[in-house]
Amino acid sequence: MPPPLYADHPADRTPERDAVEALISQARTLRGGLDAVRRESSVAGDLAADPQLRWQRALCDLAVHHLDDLGGHLDQLREGLPAALADAAEAPAEPPAAPAGPAAPERGTLLRRVGSAEWNLLTDDVTWSDELFAMFGQDPADGPLTLDELPSLVHPEDQEKLAVMVTDCLVDGRPIDGEFRIVRTDAGVRTVHMVGEPVLDSDGGTACVWTVLRDVSELRRSQTAVRETGDSLRRQRHIAQTEHRLAVELQESVLPPWRGSLRFPEGGPVTLDLAGRYLPAATSALIGGDWYDALQLPDGRTLLSVGDLTGHGVAATSGMAMVLGALRGMATAGHRPGQLMGFLNQLLDTASQPALGSALCAQFDPATRALEWAQAAHPAPLLFRGGTGRALDPPEGVLLGATTGASYGQHAERLEPGDLLVLHTDGLVPRRTHGPDSTHEGTERLLALAPRFGAARSAQDSVRIVVEEFGTIEREDDACVLIAKVGD
């Protein structure tokens, strides 16, 4: 009966070599795919600025080292097959074309990182391989080092570790398996992994120590890079999550707490039915500086405002809180919309953290149904009346924080019972185009909702219409909408 290993194979087959060749082909294919991933990560962005890309690149480099070592080991395995099997496979049939991949690693690359040593304790003979001399930076003419001399090349911090391993091997007959750093004659520091077995004499004592040493410096550097970039990525994500939570909490504390409809002024001859909504961006991390607000003023008028500061995160929301607080305070003090825009511009221009922003501020007088408003590079209010809508003609107004001492115009519009006023930020409508056309596109889409607004019974119903139209689309930026319906 044939041995179990060969029981299922004809005698003229060489399954070992076939299997090794297949593994080598697979390893090269993997190496080629990995190189492609590395190239993509290199051109995908700024490695220095993106911790995610740095971590991915470090993982790729570590995988490269492992695959190169695997390829080297497979080459050794193929070269070390029995001669009879090697001769039988000298001229195999033409194999199928392997997938395109990188060239095989330079022959001997792994061997240059692996060396062997033998210390005979009975004869004091010491044998080092050529690769081990090269690894330690030693001249073969100087001869190999004895076990007593070996610590002279070991890093001071690792000498005790080596002494424990060697002592355990010599005294207790334990195998050697550990790492230490060596300091070469050229001052280079390398990390070496040493494995070995004691050879025992007839009395059970250690007669000889045989070891294999491998230079794992590059592998350990890659592992360290993976660990450090992973730690950096986790810290970055923790910071981002913390900032996002703070931005959300700050935004929720500043935006109007009321839900549903609100009526201002209370007990006045004409009331405004008010409703608003904040619409987040498709990416939840993009918490911006958008706001909407309604406030009843001491003289009976109603303040309406919407705006958007540039940027995202805590900086944007804290800036929004500052602007909105200043706007409420100055409006309560009796300042008109044009003046308010000028004050806000001065505030942003002189702030410790300068910012830019667009805003719209309006004040409604219930006694005269007059709407006074001013804007700073912001979409104009949309007025819907009798089933149709139009954008109000905007007064002059530049971006807040862009120009020192800028002045802002002010327009007035008399509203009629049943009129619907829509104020919004420019992120409400996704930008299919950029520039003036994008603003025009958003206005046209909102004006097209005029028939539905005409059938709406309240400001809250009108907000629902806007949300149904724009709330489910992939939005590049967050947005706000504020709707006021004039009572009869």
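Residues numbered from 1 in each chain as written. Predicted model: local features only at pLDDT ≥ 70, side-chain atom pairs only at ≥ 80, totals over all residues. Heavy atoms only, no water.

### Looking at the overall build of the protein
Along its length, the protein carries 11 helices and 16 strands. Within the protein, the fraction of its 488 residues that count as buried is 41%. Within the protein, contacts between residues separated by at least 24 positions form 63% of all contacts whose residues are at least 6 apart in sequence. (Helix = DSSP H or I, 4+ residues; strand = E, 2+ residues; numbered from the N terminus. Buried < 20%, exposed > 50% of the residue type's maximum accessible area, 1.4 Å probe, protein only. Contact = heavy atoms within 4.5 Å.)

### Quick look at the pattern of salt bridges
Scanning the entire structure with this criterion turns up 19 salt bridges. Measuring nitrogen to oxygen at the nearest pair gives 3.7 Å for the salt bridge that ties Arg174 to Asp168. Judged by its relative accessible area of 23%, Asp168 falls in the partly exposed class. Its salt-bridge partner being Arg190, residue Asp215 comes within 2.9 Å of it at the nearest N-O pair. Within this pair, whereas Asp215 is found in strand β5 (residues 206–215), its partner Arg190 is found in strand β4 (residues 189–200), the two being separated by 25 residues in sequence. (Salt bridge = Lys/Arg side-chain N within 4 Å of Asp/Glu carboxyl O.)

### A look at the state of the cysteines
Counting across every chain of the model gives zero disulfides. You can see Cys208 has no disulfide; the closest cysteine sulfur is in Cys169, sitting 9.4 Å from it. The class for Cys208 is buried, based on a relative accessible area of 7%. (Disulfide = S-S within 2.5 Å.)

### Some points on the sheet that holds strand β3 (residues 176–183)
Read from one edge of the open sheet, five strands run β2-β1-β5-β4-β3, paired in antiparallel fashion. A single partner strand is all that each edge strand has here, and the edge strands are β2 (126–128) and β3. Ignoring which end each strand starts from, the neighbouring axes of this sheet average 20° apart. By the bridge criterion, seven bridges tie strand β1 (residues 114–120) to β5 in an arrangement that is antiparallel. Opposite Gly115, over in β5, you have Leu213 as the bridge partner. Strands in contact with helix α5 (residues 159–172) are β3, β4 and β5; relative to β3, the strand with the most contacts, it is inclined by about 145°. (Pairing = 2+ DSSP bridges. Axes fitted to C-alpha atoms, helices over the stretch in contact; angles between N-to-C directions.)

### Considerations on the packing of aromatic side chains
What characterises a pair of aromatic rings is the spacing of the ring centres plus the angle enclosed by the ring planes. In this structure the tally under the stated criterion is three aromatic pairs. Residues Trp128 and Phe133 carry aromatic rings whose centres are separated by 5.3 Å and whose planes lie at 55° to one another, so their mutual orientation is tilted. Measuring from centroid to centroid gives 4.8 Å for Phe384 and Phe453, while their planes differ by 75°, and the two rings are edge-to-face. Of the two residues, Phe384 sits in strand β12 (residues 382–385) while Phe453 sits in helix α10 (residues 450–455), which places them 69 residues apart along the sequence. Residue Phe384 is classed as buried on the basis of its relative accessible area of 5%. (Phe/Tyr/Trp six-rings, centres within 6.5 Å; stacked < 30°, edge-to-face > 60°.)

### Some points on the confidence of the model for the protein
For the protein, the average pLDDT comes to 82, and 81% of its residues sit at 70 or higher. In this model, residues 81–108 is a region of pLDDT below 50 whose contacts with residues beyond four sequence positions or in other chains number 22 contacts. (pLDDT = per-residue confidence, 0-100.)

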